Amino acid sequence: MLNKNESRINSPPFLGLAILWLFAYFLAMYELGNSPLRDFDEATVARVALELSQKSGIDTLLPSIWGEAYLNKPPGLHWLIAGFINFTSLWHNDKELPSEFTIRFVPAFLSTFVVPLCGLIQWKLRPKDKFSSIATSAILLSLLPIARHGRLAMLDGTLLSLVSLLWLLIINLRDGKNNKYRLFYIGLTCSFLLLLKAPLIIPISLAGILPMLGEKIQLKKYLLPWFLLGLTPGVSWHIWNSLVRGTGALWLWWGDGMSRVLFTSSAGSGDQYLVPLIELLEGGWPWILFFPFGIYIAFKERKYFSGKWYLSTLLVLCFAILPLKTQYPWYVMPLWIPFALICGPSVKEVIIGKSSKYY
């Protein structure tokens, strides 16, 4: 039995992470509706969500824009925004267009959870290292690109929270207890990814699975149905979409998914490798100064689970993002998670001046 002091040392810094989440929530909500929808992407999300909110029954399964089939992205986040539009319609005239706050609330709210979730990931990688856990969350809280994009009616802020949740659940498989429930939640998270940015599920899942290959995890065959049960909603929607829209449904995966970003250069993407690198240099300030030292720590720990995780997630996402011919600033967003995880321990060792091992 652990005494109170041992139990406190072995437990994650929930209070600190909760405080940082409250700061993230405040920053996300502050004057959220005081500026107009800022670009084409926000306007598109708003229009699709509005039309979904006006539908009923089975029609709500298939999104549309100006009455035509919407084939750009799956409607996972659009459904949630549409639900919030209907909820807020109880207090205003149905004929009025929803406010900017109404459109942005759900994605802004969901984007805040990347802050505590990544702190918990760091805790699982470096048990008893509360400083690195808090530092990781604080880095994510202070990164301007996350704060900026997370407040917009776009998919990228929500994507970061989903990625961090998926990786946290995958890491927790090492505990060996209640894995059937973890596999169900992993499947459910993958479902939401399929309903958000479907092609990204491939590199994101690969980045989380690779460092787990050397771990002794007992996953019995009878546990597989739990994962498939969680995966059912996302897969079912894509099957339904393909049955109704035929080859048009492939646009989500290939035409407007992998094919466009892999082989077609867009405006501003001439220097394709430089775009994400410049975003990291600009948006990562001042934490970018700690990044080389963090890489050194990760490489030093490469034989241990923490080092494998840092290097695997970073390398897989770099390989998936850097070669893209179409580059926009928000394409680099998934890289901020391994960036913060790598910088967290280096910030701790620079500030405290004490090297510790947490394997």
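See the structure above.
Let me sum up the structure you'll find in this document. Just so we're clear, the structure is a prediction, and the values are computed from it rather than from any experiment.

## Concerning the side chain of Ser 205
Part 1 of the argument: Topologically, Ser 205 is positioned in helix H11 (residues 201-209).
Part 2 of the argument: Looking at Ser 205, its side chain comes within polar contact range of the main-chain oxygen of Ile 201, at 2.7 Å.
Part 3 of the argument: For Ser 205, the residues in contact, after removing those within four places along its chain, are Leu 166 and Cys 190.

## A look at the environment of Tyr 304
Part 1 of the argument: Looking at where Tyr 304 falls in the secondary structure, it is placed in the loop between helix H15 (291-300) and helix H16 (305-321).
Part 2 of the argument: In this structure Tyr 304 comes out as partly exposed when scored by relative accessible area, which is 38%.
Part 3 of the argument: Measuring from C-alpha to C-alpha, the distance between Tyr 304 and Gly 214 comes to 9.7 Å, with 90 residues separating the pair along the chain.

## Describing unusual backbone geometry
Part 1 of the argument: Geometrically, the link from Trp 285 to Pro 286 is a cis peptide bond, its omega value of 0° lying close to zero.
Part 2 of the argument: Structurally, Pro 286 is set in the loop between helix H14 (274-283) and H15.
Part 3 of the argument: Even without glycine at this site, Glu 31 takes up a positive phi of about 50°.
Part 4 of the argument: In this fold, Glu 31 is placed in the loop between helix H2 (14-29) and helix H3 (40-53).
Part 5 of the argument: What makes Glu 31 partly exposed here is its relative accessible area of 45%.

## A closer look at a nonpolar patch on the surface
Part 1 of the argument: A cluster of nonpolar side chains, contributed by Ile 58, Leu 61, Val 235, Ile 239, Trp 240, Leu 243 and Val 244, occupies part of the molecular surface with about 610 Å² of accessible area.
Part 2 of the argument: Note on placement: Trp 240 falls in helix H12 (residues 224-245).
Part 3 of the argument: Given a relative accessible area of 33%, Trp 240 falls into the partly exposed group.

## Some words on the packing of helix H6 (residues 114-125) against helix H9 (residues 156-172)
Part 1 of the argument: The N-to-C vectors of H6 and H9 enclose an angle of 25°; their axes lie 9 Å apart at closest approach. In terms of their interaxial angle, H6 and H9 are classed as roughly parallel. In terms of crossing hand, the pair formed by H6 and H9 is left-handed. Judged by residue contacts, Val 114, Leu 117, Cys 118, Leu 120, Ile 121, Lys 124 and Leu 125 of H6 engage Leu 160, Ser 161, Ser 164, Leu 165, Trp 167, Leu 168, Ile 171 and Asn 172 from H9.

About the thresholds
Residues numbered from 1 in each chain as written. Predicted model: local features only at pLDDT ≥ 70, side-chain atom pairs only at ≥ 80, totals over all residues. Heavy atoms only, no water. Helix = DSSP H or I, 4+ residues; strand = E, 2+ residues; numbered from the N terminus. Polar contact = N/O pair within 3.5 Å; in protein donor to acceptor, adjacent residues only side chain to side chain. Contact = heavy atoms within 4.5 Å. Buried < 20%, exposed > 50% of the residue type's maximum accessible area, 1.4 Å probe, protein only. Patch = residues over 30% accessible without salt bridge, like charges linked within 9 Å, V, L, I, M, F, W, Y side chains within 5 Å. Areas by Shrake-Rupley, 256 points an atom, 1.4 Å probe, with all protein chains shown as cover. Salt bridge = Lys/Arg side-chain N within 4 Å of Asp/Glu carboxyl O. Axes fitted to C-alpha atoms, helices over the stretch in contact; angles between N-to-C directions. Parallel < 35°, antiparallel > 145°, perpendicular 65-115°, else oblique. Left-handed = near helix turned anticlockwise from the far one by under 90°.

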